[in-house]
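Geometric and topological summary
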Amino acid sequence: MASQDGGESMMQTGASPKKEPVPYGKAGDGDAEAAEQASQSYGENSTAQVSAVSNGSDNDDGKEMVELKIIWNKNKYDLKIPLDGTGASLKERIHSLTGLPPAMQKVMYKGLLPEDKTLREIKVTNGAKIMVVGSTINDVLAVNTPKEVIQQDVKAEENKKEPLCRQKQHRKVLDKGKPEDIMPSIKGAKERLPTVPLSGMYNKSGGKVRLTFKLEQDQLWIGTKERTEKIPMGSIKNVITEPIEGHEDYHMMAFQLGPTEASYYWVYWVPAQYVDAIKDTVLGKWQYF
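Residues numbered from 1 in each chain as written. Predicted model: local features only at pLDDT ≥ 70, side-chain atom pairs only at ≥ 80, totals over all residues. Heavy atoms only, no water.

1. Some details on the overall build of the protein chain
Each helix and strand counted, the protein chain has 6 helices and 12 strands in total. Considering the protein chain as a whole, with its 289 residues, one finds that 31% of them fall into the buried category. Long-range contacts, defined here as pairs at least 24 residues apart, represent 49% of the contacts in the protein chain between residues at least 6 apart. Of the accessible surface of the protein chain, which amounts to about 19,600 Å², a share of 51% is contributed by carbon and sulfur atoms. (Helix = DSSP H or I, 4+ residues; strand = E, 2+ residues; numbered from the N terminus. Buried < 20%, exposed > 50% of the residue type's maximum accessible area, 1.4 Å probe, protein only. Contact = heavy atoms within 4.5 Å. Areas by Shrake-Rupley, 256 points an atom, 1.4 Å probe, with all protein chains shown as cover.)

Quick look at the structure:
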C-alpha cells in the first residue's frame, strides 16, 4: 500500500523520472545547436582579429557584388559591396570597418569619389584599390589642435621678443642708415597727408621708393626708379607699422597686398606724423572702431 501511495503521489505532483546520464561526447539536440552557435561565434571573432573583412550584409543577397581593397592609415581592409551601391553607402561601410566618420573621409578612386553616383557608374572593378584619407575626431583633438596652438603661441612669443626692426630681413635695409633726402619728421604729431608724394624712403631691396595717394581714383601709387605700381586701396588687406629703434620719429611700414606675409610691400623711413593718416586713407577709419 505504501508503494502504491508513493506512486499516486508522484502522479499528482507531476515529477518526471530521473534522466539517464548522457555518454561523453554526445549531447541532446538543444545542446548540439548551442555548441554549434558558440563555435560559429568564436570563429567569426577569430577572423576579425586576423584581418578586417566585410562580405556585405544579409540584404545584399542576389545583388551583383564587387570586391574592393580599402587602404587607410597604412591598414588594408577587404570589402564586398553591391556594385549598384552609391559612394555614400561605401563611406558607411568604410565607417564600420575603420571607425572613421563619413564626414571626415576623403575617398579616392581615379580622383575624388562622388557620393551620389553608384560604383557601377564610376566603373569600379573587382579588386580595385580605394584610398581613404582622414583622421578620427580623437586623433584631431589629441594631436593636431594642441600642436597648432603651441606653434601659434611660440610664434606670438617670438614676435613679442624680437621687434621687426631687429629681424635680419629688415636689418640689412635699416643698416644703410637714414636716407639723406628723406622728408622731415615730427615725433608724436599727427598730420594730414601732404599734397605732394611721400619720397626719399627705401623699399626692402634698398631702392628708393615714393608713395602717392590718388584719392580721386582710390589708388595708392608705389613708385620706384624702374616702375610705378597702381594699387586699388580696396585690395590692400592691412597696413603694419612699427617705430624704427633709435629713430622713433620714423616708422617702417608694410602694405599687405595678398593673403600671406610674402605679399607684404615694405617701406622704410616713413615720417611718424603721417602714419595714422596713411592707415586711415588706405583702410578707412571704420577699421579702428
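2. A closer look at the pattern of salt bridges
The full count for this structure, using the stated rule, is 9 salt bridges. Three or more residues are tied together by salt bridges with common partners; here these are E64, D84 and R120. (Salt bridge = Lys/Arg side-chain N within 4 Å of Asp/Glu carboxyl O.)

3. Looking at the sheet that holds strand 10 (residues 238–244)
Strands sit in the order 9-8-7-6-12-11-10 across an open sheet of 7 strands; the sheet is antiparallel. Unpaired on one side and paired on the other, strand 9 (228–232) and strand 10 mark the two borders of the sheet. Between one strand axis and the next, the sheet turns by 30° as a mean value, whatever way the strands run. The sheet contact formed by strand 10 and strand 11 (residues 247–256) spans 7 bridges and is antiparallel. Within strand 11, the residue paired with P243 across the bridge is H251. Strand contacts of helix 6 (residues 275–283): strand 6 (198–203), strand 7 (208–214), strand 10, strand 11 and strand 12 (264–271), with the helix running at about 175° to strand 10, the strand carrying the most contacts. (Pairing = 2+ DSSP bridges. Axes fitted to C-alpha atoms, helices over the stretch in contact; angles between N-to-C directions.)

4. Remarks on helix 3 (residues 87–98)
Taking 1.5 Å as the rise per residue, helix 3 with 12 residues should run 16 Å; its terminal C-alpha atoms sit 16 Å apart, in good agreement. Restricting attention to buried positions, one finds in helix 3 the residues G87, L90, K91, R93, I94, L97 and T98. Along helix 3, the residues classed as buried sweep out an arc of 160° about the axis, all on the same side. Once helix 3 finishes, G99 follows within two positions and takes phi at roughly 85°, a positive value. (Expected span 1.5 Å × (residues − 1). Arc of directions from axis to C-beta.)

5. What about the nonpolar core?
If you look at the biggest cluster of nonpolar residues, it comprises 35 residues, and the most contacted ones within it are L211, F255 and I278. Where this core is concerned, the elements lending two or more residues are helix 5 (168–174), strand 6, strand 7, strand 8 (219–223), strand 10, strand 11, strand 12 and helix 6. The biggest single contributor to this core is strand 12, with 7 residues. Contacts of L211, omitting those with residues within four sequence positions, involve P197, L198, M201, L220, W221, I222, F255 and V267. (Core = buried A, V, L, I, M, F, W, Y, C linked by side-chain atoms within 4.5 Å.)

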